[in-house]
Number of protein chains: 2
Amino acid sequence: MELLKDRIRKDGKIRGTEVLKVDSFLNHQMDVDLFDAIGAEFKRRFADCEINKILTIEASGIGIACLAARHFHCPVVFAKKSQSRNISNDVYTAKVESFTHGKVYDVVVSKEYLNPGDKILLIDDFLANGEALRGLAKLVSDSGAQLVGAGIVIEKAFQPGGDNLRAEGMRVESLARVSAMSETDGITFVD
Amino acid sequence: MELLKDRIRKDGKIRGTEVLKVDSFLNHQMDVDLFDAIGAEFKRRFADCEINKILTIEASGIGIACLAARHFHCPVVFAKKSQSRNISNDVYTAKVESFTHGKVYDVVVSKEYLNPGDKILLIDDFLANGEALRGLAKLVSDSGAQLVGAGIVIEKAFQPGGDNLRAEGMRVESLARVSAMSETDGITFVD
């Protein structure tokens, strides 16, 4: 998606070879017109999939998922991050290890909102090691719903998450796939 | 806003006299078409205010704020909740006491995204004791930006937050103001 890649080149800030800060338009300040265009592109890619629900994870996935949902005419469910020891019986739960923050947390979704017969699209802002997507996919699987695929805004294609998930059979559509980055040479996209 | 009140009557679940669960359409599963109508109503109420930025707080304010922002044609910034002891110098910060969860946390926003000259609308899903709004207002004040007001989806008008904030001069627009509720008698709105 050229509009997105141009924006990353213009406003993304590279720190070392692994950190890409897109705080100014994606995950702290949010450019909602860009999100709308991203949502339209997800709809174009998953047009034929009869998606009836979008599942994302708090917090930075929510805005993108909500703008995308307008194009799919469906509700959004967001998984909540929980570090509490007591998980109730009325939720689906999965453990996710965050490489960014170096800790393990549970993601939970009320059983009321994922059901057999649902066709679910996962949406998130970043894909790196794929832990968050894997956790969301487990919630879908546990519910008996059908996982259609995942729509990702920025994939760090130099990390293994995307390729591993595709090899396992998940349809992953990433709108910008970063193959390499450095503070001196800037950012390179796949293709 | 009648559409919203009707939805609360239909799908809200009352627990005791203080807890209103609206998980099925507002803050876990999210009805994005309803959010769009809510956003249009916020725009109608704040039409003349030249708002150039919406500030909300993670996680459940984000979806509403993003749909509202489409009507204001402005970006959204979301304040992050932090329990870390180390707050860096490049953020504005405020302490918020959560009555629901019984703990104090910091809310932080990068100094890059709130600036003198900004005209800020706060948006959140619930207003009860007003602690979250008060924290957001402090972030705006510390930045030198102008606080235009606050748009709230559901105000628990039987708790003091809304009246206190109005008495202090904040313009608070709540789309549904609950005056009382009980499991036997249901929900009553102001007006």
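For the structure, check the block above.
This is a predicted model, so every value here is computed, not measured. Sequence order as written defines residue numbering, which begins from 1 separately in each chain. Numbering of ligands from 1 and lettering of chains from A proceed in the order in which they are written. For a predicted model such as this one, the threshold for reporting local features is a pLDDT of at least 70, and the threshold for listing and counting side-chain atom pairs is 80 or more; totals across whole chains, interfaces and linings nevertheless cover every residue. In computing side-chain values, all of the structure's heavy atoms are included and hydrogens and water are not.

1. Quick look at the overall build of chain A
Counting its secondary structure elements, chain A contains six helices and eleven strands. Throughout, the radius of gyration refers to the C-alpha atoms, and the reference size of a globule is 2.2 Å times the residue count to the power 0.38. What you see for chain A is a C-alpha radius of gyration of 16 Å, in line with the 16 Å of a compact globule of 191 residues. Each of the three principal axes of chain A carries a C-alpha extent, and together these read 50 × 35 × 35 Å. Type-normalised accessible area, obtained with a 1.4 Å probe on protein chains alone, sets the label of each residue: buried when under 20%, exposed when over 50%, and partly exposed for intermediate values. Taken over 191 residues, chain A has a buried fraction of 56%. Pairs of residues are marked as contacts when any of their non-hydrogen atoms sit within 4.5 Å. Sequence separation of at least 24 residues holds for 60% of the intrachain contacts in chain A that already meet a minimum separation of 6. Working definition: helices are DSSP H or I runs of at least four residues, strands are E runs of at least two. Numbering for both runs from the N terminus.

2. Quick word on the relation of the copies chain A and chain B
The least-squares superposition of copies is restricted to C-alpha atoms, and to residues with a pLDDT of at least 70 in both copies. It takes a turn of 180 degrees to lay chain A on chain B, together with a shift of 0.0 Å along the axis; the resulting RMSD is 0.0 Å. Overall, the copies show the geometry of a two-fold rotation axis. Comparing interface residues between copies, 100% of those in chain A also lie at the interface in chain B; the contact surface is shared.

3. Concerning the interface of chain A and chain B
Taken residue by residue, the interface counts 29 residues in chain A and 29 residues in chain B. Both faces combined, the contact of chain A with chain B buries some 2600 Å², and carbon together with sulfur accounts for 63% of it. When a carboxyl oxygen of Asp or Glu is within 4 Å of a side-chain nitrogen of Lys or Arg, the pair counts as a salt bridge. Connecting chain A to chain B are two salt bridges. Polar contacts, as used here, are pairs of N or O atoms within 3.5 Å; protein pairs need one atom able to donate a hydrogen and one able to accept it. Residues neighboring in sequence count only if both atoms are side-chain atoms. Connecting chain A to chain B are twelve residue pairs in polar contact (both at pLDDT 80 or more). No other element matches helix H4 (residues 61–72) of chain A, which puts six residues into the side of chain A that touches chain B. In terms of residue class, the side of chain A that touches chain B is made up of 15 nonpolar, seven polar and seven charged. Whether two strands pair comes down to DSSP finding at least two bridges between them. In the sheet, strand E3 (residues 29–30) of chain A pairs with strand E5 (residues 76–82) of chain B via two bridges, with the strands oriented antiparallel. In the strand pairing of E5 of chain B, Met30 of chain A is matched with Val76 of chain B. By definition, the buried area sums, over both parts, the 1.4 Å-probe accessible area that each loses when the two are put together. Gly is put with the polar residues, along with every residue not named as nonpolar or charged; the nonpolar set is Ala, Val, Leu, Ile, Met, Phe, Trp, Tyr, Cys and Pro, and the charged set is Asp, Glu, Lys and Arg.

4. Overview of empty space enclosed by the protein
To locate leftover empty space, one rolls a probe as large as a water molecule over the atoms. We place a 1 Å grid over just the protein atoms. Points where a 1.4 Å probe fits but has no way out form a cavity, open points with protein on both sides within 12 Å along at least 5 of 7 lines form a pocket, and any residue with an atom within 4 Å of a point lines it. Grid points are joined across faces, edges and corners, and a volume is the space filled by probe spheres set on the points. Inspection of the entire model under this criterion finds one cavity of 30 Å³ or more. Taken as a whole, the largest cavity spans an internal volume of roughly 40 Å³. Taken together, the residues of the lining of the largest cavity break down into one nonpolar, one polar and five charged.

5. Structural notes on the side chain of Ser182 of chain A
Residues and elements named next belong to chain A. Here Ser182 shows up in strand E10 (residues 172–182). Judged by relative accessible area, which is 15%, Ser182 ranks as buried. Within polar-contact distance, the side chain of Ser182 engages the backbone nitrogen of Asp185 at 2.8 Å. If sequence neighbours within four positions are ignored, Ser182 has contacts with Ile14 and Gly16.

6. Comments concerning the side chain of His28 of chain B
Looking at the element boundaries, His28 of chain B is found in the loop between helix H2 (23–27) and strand E3 (29–30). In terms of polar contacts, His28 of chain B uses its side chain to reach the backbone carbonyl oxygen of Phe78 of chain A, at 3.0 Å. Discounting chain neighbours no more than four positions away, the residues touching His28 of chain B are Val76, Val77, Phe78, Lys80, Val108, Val109, Ser110 and Tyr113 of chain A together with Asp23 of chain B.

7. A closer look at unusual backbone geometry
In this chain, Glu58 of chain A is followed by Ala59 of chain A through a cis amide linkage whose omega measures -5 degrees. Inspection of the secondary structure puts Ala59 of chain A in the loop between strand E4 (53–57) and H4. Positive phi outside glycine occurs at Glu50 of chain B, with the angle close to 50 degrees. Owing to a relative accessible area of 60%, Glu50 of chain B belongs among the exposed residues under this scheme. The residue His73 of chain B is not glycine, and still its phi comes out positive at about 50 degrees. Within the fold, His73 of chain B resides in the loop between helix H4 (61–72) and E5.

8. Quick word on helix H3 (residues 32–45) of chain B
Residues and elements named next belong to chain B. Taking 1.5 Å as the rise per residue, H3 with 14 residues should run 20 Å; its terminal C-alpha atoms sit 20 Å apart, in good agreement. Residues of H3 that are buried include every one of Val32, Leu34, Phe35, Ile38, Gly39, Glu41 and Phe42, and no others. Around the axis of H3, the buried residues are gathered within 165 degrees of arc, so they sit on the same side. Turned more than 90 degrees away from the buried face of H3 sit Asp33 and Arg44, all of them exposed. The N-cap of H3, judged by a side-chain oxygen 3.1 Å from the amide nitrogen of Asp33 a few residues on, is Asp31. To estimate the expected span of a helix, subtract one from its residue number and multiply by 1.5 Å. The directions from the helix axis to the C-beta atoms are what the arc is built from.

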